[in-house]
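Here is what each chain is made of, one letter per residue.
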Amino acid sequence: MRWPSGDLGVYILQSTVHVTAATGAASLKVGEVVLRYLHRQNTSEYQFQLVLRRKCCNLLVLRTYYEHRLSLEMVEEISSKSVKTAKIVPKFKQTGETNIMKTVEDKPLIWWLIFILILIATVTTRFYKVTEPDHVCWDETHFGKMGSWYINRTFFFDVHPPLGKMLIGLSGYLTGYNGSFPFEKPGDKYEDTKYIGMRVFCTMLGATIVPLAFLTVWELTQSLPSSVYAATFILCDVGLLTLNQYILLDPILLCFMMCALWGMSRIGSLQHQPFTFSWWGWMSFTGMALACSISVKFVGLFIVLLVGLYTLHELWRELGDLSKPVMNAVKHLLARTLCLIVLPVIVYVLFFYIHLVVLNKSGNGDGFYSSGFQSQLEGNSLHNATMPRHLAYGAIITLKNHRTGGGYLHSHWHLYPEGMGARQQQITTYSHKDDNNRWLVKKFDTNVLPPDNVLVKHGDLIRLEHIVTRRNLHSHKEVAPISKKHYQVTGYGENGTGDANDVWKVLIVNGKEDDIVETVTSKLKFVHYLHHCALTSSGKTLPKWAYSQQEVSCNPNMRDKNSMWNIEDNIFAKLPNVSFQVYAPGFLERFLESHAVMLQGNSDLKPKEGEVTSRPWQWPINYRTHATEKKGQFFSGSKNRIYLLGNPIIWWGNIVFLIFFSLAYLFASVQEQRGYLQDPDILYRRRRTLEAGMWMFTGWLLHYVPFWAMGRILYFHHYFPALLFSCMLTGITLNYILETIPMFVPGMIGHTIYHSTVGLVLSGTVYSFLFFFSFYLFSPLAYGMDGPSASHPESPLHPLRWMDSWEF
């Protein structure tokens, strides 16, 4: 294709001057470049575009040209070839696609009608039967309970940040729930409990992802069909429908993720209106959405990474705009740093401040936190407590492991089983407080307690006697249950009498001779006198025979950081007490400790003995592992059964279109690299669509691939954030195929174009019918199933059991 001369060239020149003047970036070089290449008859359009980019660096020029070829009509003839007198008035066609420079008010009526229809369909499908079943379903037992704890201001431990649970508690409080329902187990009837407000709140946030997907794809592609496809795929997925109708964190997380993605796309649409009020507003909105996403679950970090990559892409583009000074790029960098880094950090910290202020009463999660942290909780044994500052022989103490989230040194009457070393009393760490955590401090060579106050010092030899069982802390050269390079630690002896393997040397970390052991503040190591190993909490979870408590062993590696302990409770009437308030940490210390405990808790979420975890390769194909289904995918196993399963037509179609997009992107890249450029309308549409698709593809990768490297236990619902990106990519790719392929038909023969276009449209219609019909077929999985299970031949759902692992 050669560069066109005549009116079109003059139009480009005039429009260039008009647009650049309007943006304050007019340059004589623009006109010079255009005139120079208009008069060169042997210059290709591709060469012109390259020079225009390199010398003008003004994307508005290219857009003006492309839009002319796509959707502009000349409604006033150019009466003169002079740039000074030429006047162009573009008229926009009211098609499904609009000009990128148009505003919201310019959207055609059909756009608003379709958007309203999508809203109606979303509300209808999401809120239908939202109050059923009227009992606790799946993880409502966790997050409903946590919402109750917020209402009651009771402290607890969870591996997720607090925002989602705070919002659940707030929604319950505002709708009359008093926080008294126990949420003990799935299947418990709500009876008169006002649970509907929390359900409706979560459903409302989950419902927003459908219109947000429509708006996001619209901003990225300006294609109405692509937006409709993307929104409809998400609307018709029964898995998302199921996940969004209950008191869970997932609908809240998905809502904030989509808000961040929409904000990111809006910022891209406003790239030619930087530093305006609207631009600042959307930048701040995106930063707030990012903070909210990561404040619900740590997987919100993936959307933060996506927006970060998009921001780097935009900054690189601004830096390459030679029509503007370098300081312009610096201003953009500072603005994005303020709105997308500083603002989210402030909001994130604020959420934790509210969390720690609200939860000020002692609860069952106290033991996961340090002694100083616990002293801030009303009702905790350390709150406003007084106890001796120093440790003396004869004191009754509790020892807390100094590792993040470390438990208390604990024992009970149960013995180690056969094959786990000596069959002696179990020693573990336990994160909850009870009498089995208490130990008596004795001298190493006698059971008689000294009559005077004799303080324990750095380097002393002691024995620790378990108060309840009267057995001594003991170690020998038997292998530990899990840590095979460590020695076993047991409880041994009768009524406080044991043997030489009960003797331990007390060392204060960085201590000196004659330093006195202090409550809370002294970091202690207990070194076995005979075997020279350190008492250690390995952090590994023992099997069910130890009630899933954590292993305690004796590590020959004396430098193991998990071998440090501190005294928490110190009961000794002969010494004066001091207030525990002196150990109280500030907000920043509690904030950092909260994160250390949450991260440690996440790393400890390993599959338990005999538990089969879901694997990432199973998710996109809707495959289930039989061993985990009954626990993980039945939201309700009673008469009104709810089963979490994705719409197979949509999910399997997503895989196909992921492959199609990869091939289309590769084909387009090769074409452009080899210089085989098409008509400008095709080139513009292709670049715009493929760029939008690439961001969706990147989002899918960021939300899916990291799970392959995770050692924690995984569940099917972890895939749903990636599913949103996959559905939007499918919508973009499907419309790209329907619109682009006819343009590549050789010869442009009328009948060929007609039949090709009709065939593609029909194939799109068939595919649309398939996913609507599949939603109708599989909707009972979300709304409730009665009668026999699908495995029964007489069940009406038996024909839908397309895979044996689907056990609904």
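This write-up is about the structure you can find in this document. (Residues numbered from 1 in each chain as written. Predicted model: local features only at pLDDT ≥ 70, side-chain atom pairs only at ≥ 80, totals over all residues. Heavy atoms only, no water.)

### Here we look at the environment of G784
Phase 1 of the analysis: The residue G784 is located in the segment after α23 (780–783) in this model.
Phase 2 of the analysis: Taking the C-alpha atoms as reference points, G784 and T242, separated by 542 residues in sequence, lie 9.9 Å from one another.
Phase 3 of the analysis: Beyond its immediate sequence surroundings of up to four residues, G784 is in contact with N640, R641 and I642. (Helix = DSSP H or I, 4+ residues; strand = E, 2+ residues; numbered from the N terminus. Contact = heavy atoms within 4.5 Å.)

### Digging into the pairing of strand β6 (residues 425–430)
Phase 1 of the analysis: Here β6 lies mainly inside the structure; 5 of its 6 residues are buried.
Phase 2 of the analysis: Summarising the sheet, strand β5 (residues 408–415) and β6 pair through 5 bridges and their orientation is antiparallel. Paired with L415 across the strands is Q425, a residue of β6.
Phase 3 of the analysis: Pairing of β6 with strand β10 (residues 487–492) involves 2 bridges; the strand directions are antiparallel. Directly across from Q426, in β10, lies its bridge partner T490.
Phase 4 of the analysis: The pairing of β6 with strand β14 (residues 550–555) spans 2 bridges and is classified as antiparallel. Counted as the bridge partner of T428 is E551 from β14. (Buried < 20%, exposed > 50% of the residue type's maximum accessible area, 1.4 Å probe, protein only. Pairing = 2+ DSSP bridges.)

### Some points on helix α5 (residues 109–127)
Phase 1 of the analysis: If you check α5, its first and last C-alpha atoms are 27 Å apart, about what 19 residues at 1.5 Å a residue would give, namely 27 Å.
Phase 2 of the analysis: Among the residues of α5, W111, I114, F115, I118, T122, T125 and R126 are the ones counted as buried. Angularly, the buried residues of α5 cover 100° about the axis, an arc narrow enough to put them on a single face. Residues L109 and L117 are exposed on α5 and point more than 90 degrees away from its buried face. (Expected span 1.5 Å × (residues − 1). Arc of directions from axis to C-beta.)

### Section: unusual backbone geometry
Phase 1 of the analysis: That bond from E132 to P133 is cis: its omega, -10°, falls within 30 degrees of zero.
Phase 2 of the analysis: At K129, a residue that is not glycine, the phi angle is positive and equals roughly 60°.
Phase 3 of the analysis: Assignment of secondary structure puts K129 in the loop between α5 and α6 (140–152).

### Considering the packing of aromatic side chains
Phase 1 of the analysis: The final tally for this structure, using the stated rule, is 47 aromatic pairs.
Phase 2 of the analysis: For the pair Y229 and F233, a centre-to-centre distance of 6.3 Å together with 15° between the ring planes defines the contact as stacked. Linking Y229 with F233, this pair stays in helix α10 (residues 224–235), spanning 4 residues, or about one helical turn. Here Y229 matches F233 in class, with each residue buried.
Phase 3 of the analysis: A cation sits over an aromatic face here: K443 above Y393, 5.6 Å from the ring centre.
Phase 4 of the analysis: Seen from the ring of F373, R590 lies directly overhead, with NZ or CZ sitting 4.7 Å from the centre. (Phe/Tyr/Trp six-rings, centres within 6.5 Å; stacked < 30°, edge-to-face > 60°. Lys NZ or Arg CZ within 6 Å of the ring centre and 35° of its normal.)

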